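# Per-entry structural report
Here are the chains, one letter per residue:
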Amino acid sequence: KKEKALSILYALLEGISKYLGIERNDISGTIHSKKTQSGDWQTAFVIFDTVPGGAGHVRRIGTATKKEFSQMLQTSYSVVKNCTCGIESDGDSACYNCLCNYYNQAYHDILKRKYAIEFFEPIFK
(Lines give C-alpha, C1' and ligand atoms only; values in the text may rest on other atoms or scores of the structure.)
Protein backbone atom coordinates (compact mmCIF):
# COMPACT_ATOMS: atom_id res chain seq x y z
CA LYS A 1 0.00 0.00 0.00
CA LYS A 2 1.08 3.52 -0.72
CA GLU A 3 0.42 4.56 2.88
CA LYS A 4 2.86 1.99 4.23
CA ALA A 5 5.55 2.72 1.66
CA LEU A 6 5.37 6.49 2.24
CA SER A 7 5.49 6.07 6.02
CA ILE A 8 8.60 3.90 5.70
CA LEU A 9 10.19 6.31 3.21
CA TYR A 10 9.72 9.32 5.49
CA ALA A 11 11.03 7.36 8.48
CA LEU A 12 14.12 6.47 6.45
CA LEU A 13 14.65 10.08 5.40
CA GLU A 14 14.28 11.32 8.99
CA GLY A 15 16.63 8.71 10.37
CA ILE A 16 19.26 9.07 7.66
CA SER A 17 19.35 12.85 8.00
CA LYS A 18 19.70 12.54 11.79
CA TYR A 19 22.44 9.92 11.48
CA LEU A 20 24.40 11.93 8.90
CA GLY A 21 23.87 15.17 10.82
CA ILE A 22 22.38 16.98 7.84
CA GLU A 23 19.34 19.17 7.37
CA ARG A 24 16.30 17.02 6.75
CA ASN A 25 15.46 19.05 3.64
CA ASP A 26 18.87 18.27 2.06
CA ILE A 27 17.61 14.82 1.02
CA SER A 28 14.28 13.61 -0.24
CA GLY A 29 12.86 10.54 -1.85
CA THR A 30 10.09 8.83 -3.69
CA ILE A 31 8.71 5.34 -4.08
CA HIS A 32 8.76 3.28 -7.25
CA SER A 33 6.53 0.24 -7.51
CA LYS A 34 6.64 -2.37 -10.23
CA LYS A 35 5.03 -5.70 -10.90
CA THR A 36 7.40 -8.65 -10.87
CA GLN A 37 7.21 -11.58 -13.29
CA SER A 38 5.49 -13.60 -10.57
CA GLY A 39 2.72 -10.99 -10.38
CA ASP A 40 3.75 -9.60 -7.00
CA TRP A 41 4.43 -5.92 -6.46
CA GLN A 42 7.89 -4.75 -5.48
CA THR A 43 8.54 -1.32 -3.99
CA ALA A 44 11.85 0.53 -4.22
CA PHE A 45 12.82 3.61 -2.26
CA VAL A 46 14.62 6.24 -4.35
CA ILE A 47 16.59 8.73 -2.24
CA PHE A 48 18.19 11.83 -3.74
CA ASP A 49 20.00 15.03 -2.79
CA THR A 50 17.88 18.17 -3.01
CA VAL A 51 20.81 20.59 -2.77
CA PRO A 52 21.41 22.14 -6.21
CA GLY A 53 24.34 20.35 -7.81
CA GLY A 54 24.13 17.64 -5.18
CA ALA A 55 25.82 17.73 -1.80
CA GLY A 56 27.01 14.12 -1.83
CA HIS A 57 24.68 12.92 0.91
CA VAL A 58 23.31 10.06 -1.18
CA ARG A 59 26.89 9.08 -2.07
CA ARG A 60 27.58 8.85 1.69
CA ILE A 61 24.64 6.48 2.03
CA GLY A 62 25.80 4.39 -0.93
CA THR A 63 29.36 4.08 0.35
CA ALA A 64 28.39 3.39 3.96
CA THR A 65 29.69 0.24 5.59
CA LYS A 66 27.20 -2.43 6.64
CA LYS A 67 27.54 -1.21 10.22
CA GLU A 68 26.93 2.42 9.25
CA PHE A 69 23.93 1.50 7.10
CA SER A 70 22.53 -0.59 9.94
CA GLN A 71 22.92 2.41 12.24
CA MET A 72 21.03 4.57 9.72
CA LEU A 73 18.18 2.06 9.79
CA GLN A 74 18.34 1.87 13.60
CA THR A 75 18.10 5.68 13.80
CA SER A 76 15.11 5.59 11.44
CA TYR A 77 13.45 2.99 13.64
CA SER A 78 14.15 5.04 16.77
CA VAL A 79 12.51 8.10 15.23
CA VAL A 80 9.16 6.33 14.93
CA LYS A 81 9.45 3.98 17.90
CA ASN A 82 10.28 6.71 20.41
CA CYS A 83 7.71 9.26 19.27
CA THR A 84 4.61 9.47 21.45
CA CYS A 85 2.07 10.71 18.91
CA GLY A 86 -0.92 8.40 18.60
CA ILE A 87 0.17 6.44 21.67
CA GLU A 88 -3.47 5.73 22.54
CA SER A 89 -4.11 4.45 19.02
CA ASP A 90 -0.98 2.27 18.81
CA GLY A 91 0.92 4.59 16.45
CA ASP A 92 -2.00 5.14 14.11
CA SER A 93 -0.80 8.69 13.40
CA ALA A 94 2.26 10.80 12.70
CA CYS A 95 3.47 14.24 13.76
CA TYR A 96 6.18 16.81 13.07
CA ASN A 97 8.49 15.01 15.54
CA CYS A 98 8.52 11.80 13.52
CA LEU A 99 7.24 11.65 9.92
CA CYS A 100 5.55 14.91 9.03
CA ASN A 101 7.17 18.02 7.59
CA TYR A 102 6.18 20.94 5.42
CA TYR A 103 7.23 19.20 2.21
CA ASN A 104 5.12 16.07 2.69
CA GLN A 105 1.98 17.79 3.95
CA ALA A 106 -0.07 16.35 1.08
CA TYR A 107 0.41 12.93 2.75
CA HIS A 108 -0.06 13.84 6.42
CA ASP A 109 -3.49 12.20 6.55
CA ILE A 110 -2.10 8.80 5.46
CA LEU A 111 1.25 8.71 7.30
CA LYS A 112 1.29 6.39 10.31
CA ARG A 113 4.15 5.55 12.64
CA LYS A 114 2.91 1.98 13.03
CA TYR A 115 3.65 1.17 9.38
CA ALA A 116 7.30 2.14 9.78
CA ILE A 117 7.54 0.41 13.17
CA GLU A 118 6.14 -2.81 11.63
CA PHE A 119 8.75 -2.58 8.87
CA PHE A 120 11.76 -2.02 11.15
CA GLU A 121 10.86 -4.24 14.14
CA PRO A 122 11.71 -7.58 12.50
CA ILE A 123 15.16 -6.18 11.69
CA PHE A 124 15.96 -5.01 15.21
CA LYS A 125 14.16 -7.44 17.50
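Residues numbered from 1 in each chain as written. Predicted model: local features only at pLDDT ≥ 70, side-chain atom pairs only at ≥ 80, totals over all residues. Heavy atoms only, no water.

## Notes on unusual backbone geometry
With the exception of glycine, the majority of residues adopt a negative phi angle, and the majority of peptide bonds are in the trans configuration. Operational definition: Secondary structure elements are taken from DSSP: a helix is a run of H or I of four residues or more, a strand is a run of E of two residues or more, and numbering for both begins at the N terminus. With a 1.4 Å probe rolled over the protein chains alone, any residue whose accessible area is under 20% of its type maximum counts as buried; one over 50% counts as exposed, and the rest are partly exposed.
Not every positive phi belongs to a glycine, and D90 is a case in point at roughly 60 degrees. For D90, the location among the structural elements is in the loop between α3 (66-81) and α4 (113-124). Residue classification places D90 among the exposed positions, given a relative accessible area of 65%.

## Digging into the packing of aromatic side chains
Threshold: Side-chain rings of Phe, Tyr and Trp (the six-membered ring for Trp) are treated as a pair once their centres are within 6.5 Å; stacked means planes under 30 degrees apart, edge-to-face means over 60, and tilted covers the remaining angles.
For the structure shown, the criterion picks out four aromatic pairs. Ring centres 6.2 Å apart and planes at 50 degrees place the aromatic pair Y77 and F120 in the tilted group. Within this pair, whereas Y77 is found in helix α3, its partner F120 is found in helix α4, the two being separated by 43 residues in sequence. Summarising the aromatic geometry, the rings of Y77 and F124 are spaced 5.7 Å apart at their centres and angled 15 degrees between planes, so their arrangement reads as stacked. Of this pair, Y77 sits in helix α3 while F124 sits in helix α4, placing them 47 residues apart in sequence. Using a relative accessible area of 25% as the deciding quantity, one classes F124 as partly exposed. An aromatic cluster is defined as three or more aromatic residues linked by ring pairs; in this entry it consists of Y77, F119, F120 and F124.

## Let's talk about the environment of S38
As a reminder, the rule being used: Distance and chemistry together define a polar contact, namely a pair of N or O atoms within 3.5 Å, with one atom able to donate a hydrogen and the other to accept it when in protein, and with adjacent residues in sequence counting only for side-chain atoms on both sides.
Here S38 is to be found in the loop between β1 (27-35) and β2 (41-49). One polar contact links S38 to T36, side chain to side chain, over a distance of 3.0 Å.

## Some details on the state of the cysteines
To keep it simple, the criterion reads: Here, two cysteine sulfur atoms that lie within 2.5 Å of each other are counted as a disulfide.
Scanning the entire structure with this criterion turns up zero disulfides. The structure places no disulfide on C83, whose sulfur is separated from the nearest cysteine sulfur, that of C95, by 3.5 Å. As a non-bridged cysteine, C85 has C83 as the owner of its nearest cysteine sulfur, 3.8 Å distant. Looking at C85, the relative accessible area reads 14%, which means it is buried.

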